[in-house]
Amino acid sequence: MNEEQSQFEKIYQTNYQRVIRVCMGYVNGDEASAKDLTQEVFIKVWENLESFRKEASIATWIYRITVNTCLLQLRKKKYLKGEEVFEKLVESPEDSQPTKENQLKRMYQCINKLPKDSRGIILLDLEGLPQKEIAEIMGLSHEAVRVRIHRIKTSLTKCVQNDSI
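No experiment lies behind these values; they were computed from the predicted model shown. (Residues numbered from 1 in each chain as written. Predicted model: local features only at pLDDT ≥ 70, side-chain atom pairs only at ≥ 80, totals over all residues. Heavy atoms only, no water.)

Observations regarding the overall build of the protein chain
Moving on, step 1. Looking only at helices and strands, one finds 8 helices and 0 strands in the protein chain.
Moving on, step 2. When burial is assessed residue by residue, the protein chain has 39% of its 165 residues classed as buried.
Moving on, step 3. Once local pairs closer than 6 in sequence are excluded, the contacts in the protein chain between residues at least 24 apart make up 65%.
Moving on, step 4. Within the structure as shown, the protein chain displays about 10,000 Å² of accessible surface, and the carbon and sulfur contribution to it stands at 49%. (Helix = DSSP H or I, 4+ residues; strand = E, 2+ residues; numbered from the N terminus. Buried < 20%, exposed > 50% of the residue type's maximum accessible area, 1.4 Å probe, protein only. Contact = heavy atoms within 4.5 Å. Areas by Shrake-Rupley, 256 points an atom, 1.4 Å probe, with all protein chains shown as cover.)

Written out as structure tokens, the structure reads:
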């Protein structure tokens, strides 16, 4: 394994879980689609690694690629609305009991109802990224991100509790 492959392998191992979780948020928890998107992200990382300018951290750069890849895919596929996906995910009677998995599916459904920019912001926030880094990734001011995160969390709380956003 050469140095470039070794560097990529380390980047992949460090960032894979974060990237797939962000992708899961964009595709309503559809694991197969999230894995496909994650693969696309890392193909782009591999293809562009030499051109990475190191103006930001590698993680910030990868998150930007992830958000752009997911948004592009959503535009291409015109993904099903969250409600339709949620109904398909929670049709069986045994799902009537609130479980952690059902709550997670419900949260993904609520996240999917958000506008695309808000969705990207909250998914990055849920990943634990600092607000300043989210602002850099999304091309917004830190203050704008701070306010939006507060509004998004309020909206998601209402959605999860009342089934509306």
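Back to the text.
Quick notes on the packing of aromatic side chains
Moving on, step 1. For the coordinates displayed, the defined rule picks out 7 aromatic pairs.
Moving on, step 2. Taking the centre distance of 5.2 Å and the plane angle of 80 degrees together, the rings of F8 and W46 count as edge-to-face. Of the two residues, F8 is situated in helix α1 (residues 3-26) and W46 in helix α2 (residues 31-48); the sequence distance between them amounts to 38 residues.
Moving on, step 3. F8 gets classed as buried once you look at its relative accessible area, which sits at 15%.
Moving on, step 4. Ring geometry for Y12 against Y16: centres 5.3 Å apart, planes inclined by 45 degrees, an arrangement best described as tilted. In this pair, Y12 and Y16 both sit in helix α1, 4 residues apart, roughly one turn of the helix. (Phe/Tyr/Trp six-rings, centres within 6.5 Å; stacked < 30°, edge-to-face > 60°.)

Topic: the confidence of the model for the protein chain
Moving on, step 1. Put simply, the protein chain has an average pLDDT of 81, and 83% of its residues get 70 or more.
Moving on, step 2. Highest mean pLDDT in the protein chain belongs to α2 (93); lowest belongs to helix α4 (residues 82-89) (42).
Moving on, step 3. Contacts for the low-pLDDT stretch residues 79-97, under 50 throughout, to residues beyond four places or in other chains number 25 contacts. (pLDDT = per-residue confidence, 0-100.)

Describing the nonpolar core
Moving on, step 1. If you look at the biggest cluster of nonpolar residues, it comprises 42 residues, and the most contacted ones within it are Y26, V45, L124 and I134.
Moving on, step 2. Excluding its chain neighbours within four sequence positions, the residues that come into contact with I134 are I121, L124, D125, L129, V145 and I149. (Core = buried A, V, L, I, M, F, W, Y, C linked by side-chain atoms within 4.5 Å.)

Considering the state of the cysteines
Moving on, step 1. The full count for this structure, using the stated rule, is 1 disulfide.
Moving on, step 2. A sulfur-sulfur distance of 2.2 Å marks the disulfide that ties C110 to C159. Handedness of the C110-C159 disulfide follows from its S-S torsion of about -85 degrees: it is left-handed. A residue pair is termed long-range when its members are at least 10 positions apart, and C110 in helix α5 (residues 100-113) and C159 in helix α8 (residues 142-162) qualify at 49 residues.
Moving on, step 3. Judged by relative accessible area, which is 0%, C110 ranks as buried. (Disulfide = S-S within 2.5 Å.)

What to know about helix α7 (residues 131-138)
Moving on, step 1. Listing the buried residues of α7 in full gives E133, I134, A135, I137 and M138.
Moving on, step 2. One or two residues past the end of α7 sits G139, with phi positive at roughly 75 degrees.

Remarks on the environment of G29
Moving on, step 1. Tracing the sequence through the fold places G29 in the loop between α1 and α2.
Moving on, step 2. Distance from G29 to K105, taken between C-alpha atoms, is 6.6 Å for residues 76 residues apart in sequence.
Moving on, step 3. When residues no more than four places from it in sequence are discounted, the contact partners of G29 are M24 and Y108.

Observations regarding the side chain of T60
Moving on, step 1. One can find T60 in helix α3 (residues 58-77).
Moving on, step 2. Every residue in contact with T60, bar those within four places of it in the chain, is listed here: E133, E136 and I137.

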